[in-house]
Amino acid sequence: MKIGITNLKGGVGKTTLSINLAVCFAHMGYKVCIVDTDTNQNSLQWYGAREEGLPEVLVVGTTDPKALNKAVDNLHGQHDIIIMDGTPNLSEMNTRVMMASDLLIIPTRPGAHDFRAMNEFFTRFDQVKELRSDVAAYFLINEFDERVNLHRTVRESLQQHYDIPILNTVLKSRTAYGEASMMGTGVFEHSDNKAKAEMVALTNEILQLAEKHAFIQS
Ligand SMILES: Nc1ncnc2c1ncn2[C@@H]1O[C@H](COP(=O)(O)OP(=O)(O)O)[C@@H](O)[C@H]1O
Ligand SMILES: [Mg+2]
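The name given to the chain in an unreviewed UniProt entry is Plasmid segregation oscillating ATPase ParF, and the organism recorded there is Cnuella takakiae.

And the structure:
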């Protein structure tokens, strides 16, 4: 299965999601690889900090859009799951990530939603769908706080504006995400049980989607 984590905005949780999903998949026994396509190379830096002895998550980096397909095809032969950590702009790389993915996950933060950027994103996505009608896309609401009115209405607002389903699992704002990232780990490998539980729920929800869309042969 090839998962693209993408959104035109930076700081919405693309890298956090990429590494935490990868860690959960690795603990479940899947062979998993992250392809870091962002010039800031945050996933690669995370890989540099990851200690030996933890379940293997390979991270490779390519910022050359023309190299992406070759890298993904090559890695796909040796891995069950490839996660592409996307770019925060409407670049050629972004289109290539969409084209190379079976499943696109679009993390969005309630306070930081940018309709104009999102409309541009979906114009590009529609063009990609003309070539690849089978790519499935889902929103993920990150840093959700149910006490904030705006956050509670964000789900309805996304549903009204876009024809893209929203994942049932939301991620809350938790210090464990930043701490785990700095140490080359995922929240699954830390003591914050709530963070761990929401990431496991998200991983399982994605595996169910993979089964529904037949991205993984079970
Ligand atoms: N659910 C969360 N709770 C707390 N901090 C988060 C959460 N998701 C992301 N962050 C933090 O927000 C910042 C931006 O996240 P990041 O994954 O790097 O975004 P992107 O890759 O989209 O630019 C990072 O410092 C990260 O640790
Ligand atoms: Mg990033």
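Here the narrative resumes.
## Quick word on helix α4 (residues 92–100)
If you check which residues of α4 are buried, you get Met93, Asn94, Val97, Met98 and Ala100. In this fold, the buried residues of α4 make contact with β1 (2–5), α3 (65–76), β4 (81–85), β5 (103–108) and α5 (115–131).

## What to know about unusual backbone geometry
Look at Glu143: it is not a glycine, yet its phi comes out positive at around 55 degrees. Checked against the element boundaries, Glu143 lands in the loop between β6 (136–141) and α6 (149–161). Non-glycine residue Ala214 carries a positive phi angle of around 60 degrees.

## A few points about the sheet that holds β6
Spatial strand order, β3-β2-β4-β1-β5-β6: six strands in an open sheet with parallel pairing. In the strand order of this sheet, the two ends are held by β3 (57–61) and β6, each with one partner. Between one strand axis and the next, the sheet turns through 20 degrees on average, direction left out of account. Note that β1 and β4 share four bridges and pair parallel. Residue Lys2 lies in a different strand from β4, and its bridge partner there is Ile82. In the packing of helix α1 (residues 14–27) onto the sheet, the strands contacted are β1, β2 (32–36), β3, β4, β5 and β6, and the crossing angle to β4 comes to about 165 degrees. With respect to the sheet, helix α8 (residues 193–212) is in contact with β1, β5 and β6, its orientation differing from that of β6 by roughly 165 degrees.

## A look at the pattern of salt bridges
According to the stated counting rule, one finds ten salt bridges in the structure shown. The partner of Arg96 in a salt bridge is Glu92, with the nearest N and O atoms 2.9 Å apart. Of this pair, Arg96 and Glu92 both sit in helix α4, four residues apart, which is roughly one turn of the helix. Classification of Glu92 by relative accessible area gives partly exposed; the value is 35%. With a shortest N-O distance of 3.5 Å, Lys172 and Glu146 are connected by a salt bridge. Placement of Lys172 in the loop between α6 and α7 (175–182) and of Glu146 in the loop between β6 and α6 is noted, with a sequence separation of 26 residues between them. What you see here is one network of salt bridges that share partners, running through Lys66, Glu92 and Arg96.

## Thoughts on the nonpolar core
In this structure, Ile3, Phe25 and Ile83 are the most contacted members of the largest nonpolar core, which totals 37 residues. The leading source of residues in this core is α1, at eight residues. Once residues lying within four places of it in the same chain are set aside, the contact partners of Ile3 are Phe25, Ile81, Ile82, Ile83, Met84, Ser101, Leu103, Ile105 and Ile206. Judged by nonpolar contacts, the second largest core, of 21 residues, contains Ile106, Phe121, Ala137 and Phe139.

## Observations regarding the site of ligand 1
The local shell around ligand 1 holds 14 residues, among which Gly11, Lys14, Thr16, Asn142 and Lys172 are the closest. In this structure, Lys14 approaches ligand 1 through a side-chain N or O atom, which is 2.9 Å from an oxygen atom. Computed on the free molecule, ligand 1 has an accessible area of 560 Å², of which 76% lies beneath the protein chains in the complex. Contributions of two or more residues to the shell around ligand 1 are made by α1 and α7. A total of three residues in the shell around ligand 1 trace back to one element, the largest contributor, which is α1. Along the lines of polarity and charge, the residues of the shell around ligand 1 split into two nonpolar, eight polar and four charged.

## What to know about the packing of aromatic side chains
Within the structure shown, the criterion is met by six aromatic pairs. With 5.9 Å between their ring centres and 85 degrees between their planes, Phe25 and Tyr30 make a pair best called edge-to-face. Using a relative accessible area of 26% as the deciding quantity, one classes Tyr30 as partly exposed. Ring geometry for Phe122 and Phe125: centres 6.1 Å apart, planes at 75 degrees, overall edge-to-face. One end of the pair, Phe122, and the other, Phe125, are both in helix α5, three residues apart, so they sit about a helical turn from each other. These aromatic residues form a ring-pair network of at least three members: Phe121, Phe122, Phe125, Phe139 and Tyr162.

Rules of the game
Residues numbered from 1 in each chain as written. Chains lettered and ligands numbered in written order. Predicted model: local features only at pLDDT ≥ 70, side-chain atom pairs only at ≥ 80, totals over all residues. Heavy atoms only, no water. Buried < 20%, exposed > 50% of the residue type's maximum accessible area, 1.4 Å probe, protein only. Helix = DSSP H or I, 4+ residues; strand = E, 2+ residues; numbered from the N terminus. Contact = heavy atoms within 4.5 Å. Pairing = 2+ DSSP bridges. Axes fitted to C-alpha atoms, helices over the stretch in contact; angles between N-to-C directions. Salt bridge = Lys/Arg side-chain N within 4 Å of Asp/Glu carboxyl O. Core = buried A, V, L, I, M, F, W, Y, C linked by side-chain atoms within 4.5 Å. Near = heavy atom within 4 Å. Polar contact = N/O pair within 3.5 Å; in protein donor to acceptor, adjacent residues only side chain to side chain. Areas by Shrake-Rupley, 256 points an atom, 1.4 Å probe, with all protein chains shown as cover. Nonpolar A, V, L, I, M, F, W, Y, C, P; charged D, E, K, R; others polar. Phe/Tyr/Trp six-rings, centres within 6.5 Å; stacked < 30°, edge-to-face > 60°.

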